[in-house]
Amino acid sequence: MTIKALRGMKDILPPQSDKFLYFIENATKIAERYGFRYIETPLLEETALFKRSVGESSDIVGKEMYQFIDKGGNDVCLRPEGTAGIVRSFIEHKLDRMQQTYRFFYYGPMFRYERPQKGRLREFHQFGCETFGEGSVYEDANMILLIKDILDFFKIKYSLKINSLGCPNCMPLYRKKLVDYLEGLENRLCVDCIRRTDTNPIRVLDCKIENCQKELKEAPKLLDNLCEECKNDFEKLKQLLKKNSVSFEVDPNLVRGLDYYTKTAFEFVSAEIGAQSAVAGGGRFDRLVEFLGGKPTPAIGFAIGMERILDLIEMPETKREGIYLGALSENAIDTIFTLAHKKREKEKVFMEYRKKSLKAHLKAADKANAKYAAIIGEEEIKNGTIWVKDLENKKEKVIDLEQF
Ligand code: HAM
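**Describing the sheet that holds strand β10 (residues 278-284)**
Sheet strands line up and pair through hydrogen bonds in the backbone, either parallel or antiparallel.
Stage number 1. One open sheet accounts for eight strands, arranged β1-β5-β6-β11-β10-β9-β7-β8; its pairing is mixed. At either margin of the open sheet sits one strand with a lone partner, and together these are β1 (37-38) and β8 (249-250).
Stage number 2. Of the strands in this sheet, β5 (102-111), β6 (123-132), β7 (159-164), β9 (262-269), β10 and β11 (299-305) are in contact with helix α5 (residues 137-153), which crosses β11 at around 15°.

This is how it looks when you write it as structure tokens:
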């Protein structure tokens, strides 16, 4: 039996991999314009990191972790997301003590043992950004504008949903109100919601089961229970988005599937990719640095799910590029081999290790999308020349090898 990739894990081959690089290259450029710098953290971390940050009550930690004991007896886990590792790194390198703003971007594979379906993989890739040390709501708007710039660049249509999840001043009071309401429903909710009433009641709000949503109609609303600061920030965010031509919808049930969020939470959704429609998600996590042992540091970030948008990306038309080198005789192969190496100092070079007819070489050069075909046969060797054809304007000429 041949060995195949694991369920929910995909190879990315050309031309899809060209799109993958095209995305990274351009998303990176846009993030850099906003002052973000690259950060790389390990794929494998201590399991406790995700339990404490993403949260024990989340599906990610509860059901979806690639967790194992390594040969040294450590309880470790393939990262299900990028934020936790970056916060760990931020604290470990004592950046929390610097009283500065740090902006990081990252990309790479994430692992969640989910039930695979279209748009939902067990290994998938995220491109994400995190800002540390900036509590101003302008940064919330800035993050959203950055995602908008990236999606606009790739001509991806989306709708944006925003919500505020409150802060330690208002959230506990709201949580209590909600729990009182949920307990009053006396088991009319689904089993997951009943469990969540104890573990993480606000997750009940985004239950997808119709009956639960019906029972929740009269539930106290998060947005009606925000403290002054959260309310003002949320109003300011809406104002900034409107002023900067970002359309959005307030979704009071948007709670996100990770437990570390406070205040602003958002999701970008596409109508063109099926049921798994979230292309990007994020929000503030002002408590997380402190919660993981660092100095209190406000933070906000997002991640884009790359597989979800790759199919929507159209590559720009490729221009002819580089030189195709061909030999008409055995003797000429060594010459073009050496020439190819020299030419590669500056440009893309295609070459065949076999002699071919001129016609066959021109066909191969065309297929490679080269700008020039440069061919050497016995006569050219004798004269120290090379025959060159510009495949765009179809002009041909013979030039000295030295000059070439
Ligand atoms: P998330 O919403 O769990 O947030 O994931 C972000 C994006 O990753 C989703 O919107 C989706 O596009 C993609 N994604 C998630 N799971 C899968 C999957 N199984 N298969 C394919 N794509 C998937 C986070 O991960 C947070 N760390 C984002 C963040 C950064 N918040 C603050 N900073």
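**Focus on the site of the ligand**
Stage number 1. In the vicinity of the ligand there are 26 residues, among which E81, E114, E130, Y261 and A278 approach most closely.
Stage number 2. Interatomic distance of 2.8 Å between a backbone N/O atom of A278 and an oxygen atom of the ligand.
Stage number 3. Interatomic distance of 3.3 Å between a backbone N/O atom of F302 and a nitrogen atom of the ligand.
Stage number 4. Of all elements in the fold, only β6, β10 and β11 reach the threshold of two or more residues within the shell around the ligand.
Stage number 5. Looking at the shell around the ligand element by element, the count peaks at six residues for β10.
Stage number 6. A per-class count over the shell around the ligand returns eleven nonpolar, eight polar and seven charged.

**Examining the domain arrangement of the protein**
It is common to give the size of an interface as the accessible area that goes away when the parts come together.
Stage number 1. Domain annotation of the protein identifies domain 1 (16-168 + 244-310), domain 2 (171-225) and domain 3 (323-400).
Stage number 2. Between the C-alpha centres of domain 1 and domain 2 there is a distance of 25 Å.
Stage number 3. Every contact between the two is made by 14 residues of domain 1 and, on the other side, 14 residues of domain 2.
Stage number 4. Counting the surface domain 1 buries against domain 2, the share from its top three residues, S57, N253 and V255, is 39%.
Stage number 5. Along the contact surface separating domain 1 from domain 2 lie one salt bridge.
Stage number 6. A salt bridge links R196 to D59; the nearest nitrogen and oxygen atoms lie 3.2 Å apart.
Stage number 7. Among the residues making up the side of domain 1 that touches domain 2, the classes are represented as six nonpolar, five polar and three charged.

**Description of the pattern of salt bridges**
Stage number 1. Scanning the entire structure with this criterion turns up 26 salt bridges.
Stage number 2. Here K148 and D152 are joined by a salt bridge, their closest N and O atoms 2.9 Å apart. Here D152 and K148 lie together in helix α5, a separation of four residues that amounts to about one turn.
Stage number 3. Owing to a relative accessible area of 34%, D152 belongs among the partly exposed residues under this scheme.

**Some remarks on helix α12 (residues 330-343)**
Stage number 1. For α12, spanning 14 residues, the distance from its first C-alpha to its last is 21 Å, which sits close to the expected 20 Å at 1.5 Å a residue.
Stage number 2. Residues of α12 that are buried: A332, I333, I336, L339, A340 and K343. Seen along its axis, α12 keeps its buried residues to an arc of 135°; they face one direction. Those residues of α12 that are exposed and aimed more than 90 degrees away from the buried face are N331, D334, H341 and K342.
Stage number 3. Of the surrounding elements, those touching the buried residues of α12 are β12 (323-327), β13 (349-351), β14 (372-376), α14 (378-383) and β15 (385-390).

**Examining the nonpolar core**
Within soluble globular proteins, side chains that are nonpolar tend to cluster in buried spots.
Stage number 1. Judged by nonpolar contacts, the single largest core of 49 residues is most densely connected at F50, V87, F132 and I202.
Stage number 2. Secondary-structure elements contributing two or more residues to this core are α2 (47-53), α3 (59-63), α4 (83-92), β5, β6, α6 (171-184), α10 (288-291) and β11.
Stage number 3. Looking at this core element by element, the count peaks at five residues for α4.
Stage number 4. In terms of domain composition, this core takes at least three residues from each of domain 1 (16-168 + 244-310) and domain 2 (171-225).

**Points about the packing of aromatic side chains**
Stage number 1. Taken as a whole and assessed by the stated rule, the structure comprises 21 aromatic pairs.
Stage number 2. Between the aromatic rings of Y102 and F104, the centroid separation amounts to 6.1 Å while the plane-to-plane angle is 15°, which identifies the pairing as stacked.
Stage number 3. You can call F104 buried: its relative accessible area is 11%.
Stage number 4. Taking 6.4 Å as the distance between ring centres and 85° as the angle between the ring planes, the aromatic pair formed by F266 and F268 counts as edge-to-face.

Calculation notes
- Residues numbered from 1 in each chain as written.
- Predicted model: local features only at pLDDT ≥ 70, side-chain atom pairs only at ≥ 80, totals over all residues.
- Heavy atoms only, no water.
- Pairing = 2+ DSSP bridges.
- Helix = DSSP H or I, 4+ residues; strand = E, 2+ residues; numbered from the N terminus.
- Contact = heavy atoms within 4.5 Å.
- Axes fitted to C-alpha atoms, helices over the stretch in contact; angles between N-to-C directions.
- Near = heavy atom within 4 Å.
- Polar contact = N/O pair within 3.5 Å; in protein donor to acceptor, adjacent residues only side chain to side chain.
- Nonpolar A, V, L, I, M, F, W, Y, C, P; charged D, E, K, R; others polar.
- Domains from an automatic or database assignment.
- Buried area = accessible area lost by both parts, 1.4 Å probe.
- Salt bridge = Lys/Arg side-chain N within 4 Å of Asp/Glu carboxyl O.
- Buried < 20%, exposed > 50% of the residue type's maximum accessible area, 1.4 Å probe, protein only.
- Expected span 1.5 Å × (residues − 1).
- Arc of directions from axis to C-beta.
- Core = buried A, V, L, I, M, F, W, Y, C linked by side-chain atoms within 4.5 Å.
- Phe/Tyr/Trp six-rings, centres within 6.5 Å; stacked < 30°, edge-to-face > 60°.

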